[in-house]
Amino acid sequence: MPLHGQVGLIVTIVVASSVLVALLGWRRAQMVPVVRVYIRMTLAAIAVQVVIGIVLVIAGHRPPVLHWFYGAATLLALPVAMLIGSRRERQEPLWLVGGAVAALLFALRAMTTG
């Protein structure tokens, strides 16, 4: 398995764990600040994966167009959820769960298209 695939698997596991952390924050409101930090760390891991993918494209690898779509969707799901959630304070934990679940589904799909 090439580096991009290995890191993709690790990132997918990290995103899956962010779903669990976000669910914890949904159940316990005092955990929301911890969830925000974990989501940001998850986003950093996704960004590293995106950079590796861009380097591979520059080096001449050409993934299918769907891989680009799912990679971008994985990268954007969490920030969009955080942005919307921050504007709806009472609903923020739910938005974080939704963003984490969306990122997980997009990451799983990206793995199957790349």
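Everything numeric in this text was worked out from a predicted model, so none of it was measured. (Residues numbered from 1 in each chain as written. Predicted model: local features only at pLDDT ≥ 70, side-chain atom pairs only at ≥ 80, totals over all residues. Heavy atoms only, no water.)

**Digging into the packing of helix α2 (residues 32-58) against helix α3 (residues 65-87)**
Between two packed helices, both the angle of their axes relative to each other and the distance between the axes serve to describe the pair. In contact at an axis separation of 10 Å, α2 and α3 are set at 155° when each is read in the N-to-C sense. Judged by the angle between their axes, α2 and α3 are roughly antiparallel. Considering the relative orientation of α2 and α3, their crossing is left-handed. Across from Arg36, Ile39, Arg40, Thr42, Leu43, Ile46, Ala47, Val50 and Val57 in α2, the residues of α3 making contact are Trp68, Thr74, Leu75, Leu78, Pro79 and Met82. Its residues assigned to classes, the contact of α2 with α3 comprises 11 nonpolar, two polar and two charged. (Axes fitted to C-alpha atoms, helices over the stretch in contact; angles between N-to-C directions. Helix = DSSP H or I, 4+ residues; strand = E, 2+ residues; numbered from the N terminus. Parallel < 35°, antiparallel > 145°, perpendicular 65-115°, else oblique. Left-handed = near helix turned anticlockwise from the far one by under 90°. Contact = heavy atoms within 4.5 Å. Nonpolar A, V, L, I, M, F, W, Y, C, P; charged D, E, K, R; others polar.)

**Points about a nonpolar patch on the surface**
A contiguous nonpolar patch, built from Leu9, Ile13, Val101, Leu105, Leu108 and Met111 and spanning about 510 Å² of accessible area, is present on the exposed surface. Going through the elements one at a time, α1 (3-27) and α4 (92-113) are the ones with two or more residues in the nonpolar patch. With four residues, α4 is the single largest residue contributor to the nonpolar patch. On the secondary structure map, Ile13 appears in helix α1. For Ile13, a relative accessible area of 55% translates into the label exposed. (Patch = residues over 30% accessible without salt bridge, like charges linked within 9 Å, V, L, I, M, F, W, Y side chains within 5 Å. Areas by Shrake-Rupley, 256 points an atom, 1.4 Å probe, with all protein chains shown as cover. Salt bridge = Lys/Arg side-chain N within 4 Å of Asp/Glu carboxyl O. Buried < 20%, exposed > 50% of the residue type's maximum accessible area, 1.4 Å probe, protein only.)

Read these as layout, nothing more, since geometry by itself doesn't imply function.
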